[in-house]
Amino acid sequence: MKRTINLTINGKQYTHEVEPRLLLIHYLRDIVGLTGPHIGCETSLCGACTVAVDGKAVKSCTMFAVQAEGRNVVTIEGLAANGTLDPIQEAFWNEHALQCGFCTPGMIMASKQLLERNSSPTEEEIRHGLEGNLCRCTGYQHIVNAVKAAAAKVGA
Amino acid sequence: MATTITKTETLVGKRIRRREDPRLITGTATYVDDIQMPGMHHACILRSPHAAALIKSVSTKNALAHPGVVAVFTGIDTASVGPVPCGASLPGLRVPHHDILARDRVYFAGHPVAVVVATDRYIARDAIDLIEIEYEPLPAVADPEKALAEGAPAVHPQWPDNTAFTFHQEGGDVDKAFAEAEVVVKQRITSQRLIPTALETRGVVAEWHSGDKALTIHSSTQIPHLLRTLVAQMLGLPENRLRVITPEVGGGFGSKLNVYAEEALMGFVAMKIGKPVKWIESRRENFMCTTQGRGHVDYFEIAAMKDGTILGLKLKLIQDLGAYHQLLTPAIPTLSVLMMPGLYKFQNIRADIIGVFTNCVPTDAYRGAGRPEATHGIERMVDILAAELKMDPAEIRFKNFVSSDSFPFHTATGLDYDSGNYSEPLKKALETVEYEKLRAEQAEARKQGRLLGIGISTYGEICAIGPSPATPAGGWESATVKIEPSGQVTVMTGASPHGQGQETSFAQIVADELGVDMDDVLVVHGDTAVVQYGIGTFGSRGTAIGGTALYFALQDLKAKIKKFGALLLGSEDVTYANGVCTDNKTGKSKTLAEIAGASYRAMKLPPNTEPGMISTHFWEPPNFTFPFGAHIVITEVDRDTGRIEIKRYVAIDDCGKMINPLLVDGQVHGGVAQGLGQALWEQAVYDENGQLISGELMDYAIPKASMMPWIESGHTETPSPVNPLGVKGVGEAGTIGCSPAVVNSVVDALRPLGVRHIDMPLTPEKIWKLIQGASA
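The rules we used
Residues numbered from 1 in each chain as written. Chains lettered and ligands numbered in written order. Predicted model: local features only at pLDDT ≥ 70, side-chain atom pairs only at ≥ 80, totals over all residues. Heavy atoms only, no water. Helix = DSSP H or I, 4+ residues; strand = E, 2+ residues; numbered from the N terminus. Rg over C-alpha atoms; globule rule 2.2 N^0.38 Å. Contact = heavy atoms within 4.5 Å. Areas by Shrake-Rupley, 256 points an atom, 1.4 Å probe, with all protein chains shown as cover. Lys, Arg positive; Asp, Glu negative; His and termini not counted. Charge placed at Lys NZ, Arg CZ, Asp CG, Glu CD. Buried < 20%, exposed > 50% of the residue type's maximum accessible area, 1.4 Å probe, protein only. Axes fitted to C-alpha atoms, helices over the stretch in contact; angles between N-to-C directions. Parallel < 35°, antiparallel > 145°, perpendicular 65-115°, else oblique. Left-handed = near helix turned anticlockwise from the far one by under 90°. Nonpolar A, V, L, I, M, F, W, Y, C, P; charged D, E, K, R; others polar. Pairing = 2+ DSSP bridges. Phe/Tyr/Trp six-rings, centres within 6.5 Å; stacked < 30°, edge-to-face > 60°. Lys NZ or Arg CZ within 6 Å of the ring centre and 35° of its normal. pLDDT = per-residue confidence, 0-100. Disulfide = S-S within 2.5 Å. Buried area = accessible area lost by both parts, 1.4 Å probe. Salt bridge = Lys/Arg side-chain N within 4 Å of Asp/Glu carboxyl O. Polar contact = N/O pair within 3.5 Å; in protein donor to acceptor, adjacent residues only side chain to side chain.

1. Quick word on the overall build of chain A
Moving on, step 1. Secondary structure summary: chain A contains 5 helices and 5 strands in total.
Moving on, step 2. Each helix and strand of chain A, placed in order from N terminus to C terminus, yields the pattern β-β-α-β-β-β-α-α-α-α.
Moving on, step 3. Relative to the 2.2 N^0.38 estimate, which gives 15 Å for 156 residues, the radius of gyration of chain A is 15 Å and therefore close to what a compact globule would have.
Moving on, step 4. With the C-alpha coordinates of chain A rotated into their principal frame, the extents come out at 50 × 30 × 25 Å.
Moving on, step 5. Contacts spanning at least 24 positions in sequence make up 55% of the contacts within chain A whose residues lie at least 6 apart.
Moving on, step 6. Summed over all atoms, the accessible surface of chain A reaches about 6,000 Å², with 50% contributed by carbon and sulfur.
Moving on, step 7. In chain A, the 14 positive side-chain charges and the 15 negative ones have mean positions that sit 3 Å from each other.

2. Description of the overall build of chain B
Moving on, step 1. In terms of regular secondary structure, chain B is built from 19 helices and 28 strands.
Moving on, step 2. The C-alpha radius of gyration computed for chain B amounts to 28 Å, which stays within 12% of the reference 28 Å derived for 776 residues, consistent with globular compactness.
Moving on, step 3. A burial count over chain B gives 66% of its 776 residues as buried.
Moving on, step 4. A separation threshold of at least 6 residues defines the contact pool for chain B, and within that pool the share at least 24 residues apart is 80%.
Moving on, step 5. Side chains of chain B give 72 positive and 88 negative charges; the mean places of these two sets differ by 2 Å.

3. Thoughts on the packing of helix α10 (residues 371-389) of chain B against helix α18 (residues 733-750) of chain B
Residue and element names in this part refer to chain B.
Moving on, step 1. Contact pair α10 / α18: the axes reach a minimum separation of 8 Å and the direction vectors enclose 30 degrees. If you check the angle between α10 and α18, you find them roughly parallel. Crossing of α10 against α18: the hand is right-handed. Residues R371, P372, T375, H376, E379, R380 and D383 of α10 form the contact with α18, whose participating residues are I736, S739, P740, V743, N744 and V747.
Moving on, step 2. Considered class by class, the residues forming the contact of α10 with α18 number 5 nonpolar, 4 polar and 4 charged.

4. Topic: the sheet that holds strand β2 (residues 53-59) of chain B
Residue and element names in this part refer to chain B.
Moving on, step 1. Overall, antiparallel pairing links the 3 strands, which are arranged β4-β2-β6 in an open sheet. Each having just a single partner strand, β4 (105-106) and β6 (132-137) make up the two edges of the open sheet.
Moving on, step 2. Alignment of β2 against β4, held across 2 bridges, turns out to be antiparallel. Its bridge partner being in β4, L54 is matched across the sheet by R105.

5. Here's the deal with the packing of aromatic side chains
Moving on, step 1. Within the structure shown, the criterion is met by 17 aromatic pairs over all chains.
Moving on, step 2. Ring centres of W476(B) and F618(B) lie 4.8 Å apart, and the angle between their planes is 40 degrees; on these two criteria the pair is classed as tilted. Taken together, the residues W476(B) in the loop between β18 (451-460) and β19 (477-483) and F618(B) in strand β25 (residues 614-619) connect sequence positions 142 residues apart.
Moving on, step 3. Look at F618(B) and you get partly exposed, because its relative accessible area is 40%.
Moving on, step 4. One aromatic cluster is present, formed by Y344(B), F398(B), F401(B), F407(B), Y422(B) and F628(B) through successive ring pairs.
Moving on, step 5. In this structure, R17(B) is placed above the aromatic ring of W93(A), and the distance from its NZ or CZ to the ring centre is 3.4 Å.
Moving on, step 6. K316(B) extends its terminal NZ or CZ atom over the ring of Y299(B), reaching a point 5.5 Å from the ring centre.

6. Details of the confidence of the model for chain B
Residue and element names in this part refer to chain B.
Moving on, step 1. Per-residue confidence for chain B gives a mean pLDDT of 97, with 99% of residues at or over 70.
Moving on, step 2. A low-confidence stretch, residues 1-6 (pLDDT under 50), is modelled with 13 contacts involving residues beyond four sequence positions or located in other chains.
Moving on, step 3. Predicted complex metrics record ipTM = 0.98 and pTM = 0.97.

7. Here we look at unusual backbone geometry
Moving on, step 1. Cis geometry is found at the peptide bond from F407(B) to P408(B), where omega equals -5 degrees.
Moving on, step 2. For N10(A), which is not glycine, the phi torsion reads 50 degrees and is therefore positive.
Moving on, step 3. Note on placement: N10(A) falls in the loop between β1 (3-9) and β2 (12-18).
Moving on, step 4. For N10(A), a relative accessible area of 23% corresponds to the partly exposed category.

8. Concerning the environment of G368(B)
Residues and elements named next belong to chain B.
Moving on, step 1. Residue position: G368 is located in the loop between β15 (348-357) and α10.
Moving on, step 2. Looking at G368, the relative accessible area reads 0%, which means it is buried.
Moving on, step 3. Sequence-wise, G368 and G612 are 244 residues apart; in three dimensions their C-alpha atoms are separated by 42 Å.
Moving on, step 4. Residues contacting G368, with those up to four places away along its chain left out, are E732 and I736.

9. A look at the state of the cysteines
Residue and element names in this part refer to chain A.
Moving on, step 1. Applying the stated rule across the entire model yields 0 disulfides over all chains.
Moving on, step 2. Cysteine C61 shares no disulfide, and the gap to the nearest cysteine sulfur, in C49, comes to 3.8 Å.
Moving on, step 3. Of the residues examined, C61 reaches a relative accessible area of 6% and is grouped as buried.

10. Quick notes on the interface of chain A and chain B
Moving on, step 1. At the interface, 50 residues of chain A touch 55 residues of chain B.
Moving on, step 2. Of all residues in chain A, W93(A), R136(A) and Q141(A) bury the most surface against chain B, accounting for 20% of the area lost on that side.
Moving on, step 3. Taken together, the connections running from chain A to chain B amount to 6 salt bridges.
Moving on, step 4. Between R21(A) and D126(B) there is a salt bridge; the shortest N-O distance is 2.7 Å.
Moving on, step 5. The interface formed by chain A and chain B includes 29 residue pairs in polar contact (both at pLDDT 80 or more).
Moving on, step 6. Elements supplying a minimum of two residues to the side of chain A that touches chain B: α1 (24-31), α2 (87-94), α3 (104-117), α4 (123-129) and α5 (141-155) of chain A.
Moving on, step 7. Examining the composition of the side of chain A that touches chain B, we find that 5 residues originate from one element, α2(A), more than from any other.
Moving on, step 8. Taken together, the residues of the side of chain A that touches chain B sort by class into 22 nonpolar, 18 polar and 10 charged.

11. A closer look at the sheet that holds strand β23 (residues 580-583) of chain B
Residues and elements named next belong to chain B.
Moving on, step 1. Read from one edge to the other, the open sheet built from 3 strands follows the order β22-β23-β24, with strand pairing classed as antiparallel. Because the sheet does not close on itself, it has two edges, and the strands there are β22 (574-577) and β24 (589-591). Put simply, the sheet's adjacent strands are angled 20 degrees from each other on average, direction ignored.
Moving on, step 2. Sheet analysis places β22 next to β23, joined by 4 bridges and oriented antiparallel. Along β23, the bridge assignment pairs Y576 with C581.

12. What about the pattern of salt bridges?
Moving on, step 1. Within the structure shown, the criterion is met by 54 salt bridges over all chains.
Moving on, step 2. Taking the shortest distance from any N to any O, the salt bridge between R17(B) and E90(A) comes out at 3.0 Å. Of this pair, R17(B) sits in the segment before α1 (21-25) while E90(A) sits in helix α2, on two different chains.
Moving on, step 3. The partly exposed category is assigned to E90(A), whose relative accessible area is 21%.
Moving on, step 4. Put simply, E712(B) and R648(B) hold a salt bridge, and the shortest N to O gap is 2.7 Å. Of this pair, E712(B) sits in strand β28 (residues 711-715) while R648(B) is found in strand β27 (residues 644-654), placing the two residues 64 residues apart along the sequence.

Put into structure tokens, the structure is as follows:
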């Protein structure tokens, strides 16, 4: 019953035999060993598992690994692969936009997508754009600051 | 924006970005579910669908036959494991026996009944459905007041009144106060059950080392050492054969300040199968089976004179305990009683708690743990009293505050408030919102029919929990500081931070005390094989107690550094500063690395001095600390929809001396978010059969980014005299200050409609109905 999938993750080619029911998040975490994306709900509500699939932010708990066949996946581990932090990672650090850090990989991926779609978002646009990602620690204020700071840096 | 660091700069008090963050922002941190081990198995737990039922029969045959399943255990198999512990003790407390798996009866929906162990997490979940259990459902009760009524179903058949304990506390002369009062105001106020919802659910990985007869448990917990002591007892293991490792923990908020059935169960499973086993709680399980917070029905009476002077307060507190006592369940409402005086000087208090069993998951600590409930009550009562007397809510508070020259202040509940200037945060908050102008704007808005509200809360806290006599398991904290032979510094703290940032704030303290670069300091925590012993992180205690233990260990080492420095320099008169020991006469000096290295080589030793450069300090606090503050919330209610808009949120907090104000702001924001969640959106809803209706994130509304207002955060800084750092604690402040300010604001908005009180959460539906009722 297993199927073969070929896909690119963080710039590397992977081929695996997987069960059709295997969720992409479990594939990434348990088989590929990329444990940066987290599982906070398995019901697509919390966003901790957010990764980019062909450039679009996707909650990887609501996608099967077989659906990623031929796709290009980027996880949090792919952002600073060359050793240099992405501006959004740097901004989360500078602005204290994380506490326990569990939502952070998903929050950063969602924030990155938000900035790709809107390079200078207003506070309201940031808050709306991150509605799919829950954080229980920060009250979101420093996350809003981080997205603003990253926008300013990238735009500068 | 964080500042950059230079070596000789003082770091305490600076906004410094965290040392924890590089691993967290790159996805390379290790949480429990990130642990993989060779031969690791996966566990899935079968839970009762009924809130109350007898278990008539259990068949695991089909599950065991399922390919990939290696074991199934039921309550019969685990009967030898000791009960889930209750650490709290109260006179006459009834403690139900709490098996790790139910044997013949289940007491709440979600009660664990069996565990499947398989080679794969999907297979374990599949096989759960193959276990056959015959239940005989029984009547259940989920509402604590209904549980107290005559003829209610008995949660535990041996105690038909559903009463786990009653508790009475009294100070001053309450009867006299109420007899002399010119006005007495009464109100029933509820603090609804809340679901803590740490983003990381609970999880356990257990590994049995059969040759050593030793067990390692990795658990997402706030209390690794207490967990080790208690789980070793449950499993009958020598304590020194159990190692608990707390990897990265994705939030706790009190819900991981516990010892859970699953932690012992995974240890049991690992010992039985001889392989590592992992259990990760699903979000649904987290909602049904992890402890919840609050669950109060409070009947308040306040006695006062017509000029607003408060004379006394009475409280009948009905605490929904749930079906069992978890670690601190019965102790939580006693904290509410201690907190009842708030910031006010009245000296007459009477409180009666009734602890009630219900067929629900147990309540226990949740951010604030008893203190938000009390603060919500007293701050609502003061507002209701002000409205009754037609007084300004700020004025009545100023009139009743403990004055700044009366510290330490002894309360009617037996506390000694350490320090405070309670008027200052309120003055600052009033200035920030331009209060008088704002009231004029409100009057104008009301003329136009707009529902604009201004809400104030002035809260106090009991933090740095706490002195050992006041806590069930010791209230001290420990620190070991090791200056390595090369001069770098390793700190092992008994606190167990999980997002609070002590890897950074403790490094700041070390850098200042020893004059070393912050990058040369490593703070280690959460491994019982590495850290001496500790209590953990909860009750806003990490820095106030753990940081103080660190401070004293550093003082020991500074003295030792000077002894070795004097020996190396051949001087009697040396100074140690900025990481260098200097001979005051010759000006010659030795670096910390040279001194530390010499202390380990030990070619020569100062008199009566041991080799090495290590100090361990256990610090017992002489008192709690008492942070305080004032929050002002401006709201506007939409008449047509009942929707509440928060127009401004001002939080002025005094948490004593701030080690890192950037982290303090983060704590305040997060605390306010959870307070706002309670005030406006969150509620654990059980139906009459004890089924959790708000059992998923789809139905339980924790705040999203778009729901949060901008928080205007400010501070006053009144050092605590309880510890040499002057810190008080800030983890719970935002939550405690928030909910009464929000409800006071919305009640103020609706005052023209004759509204006097609203219970949380203030959902649009509830508000809309109130508006409709008023206009009907």
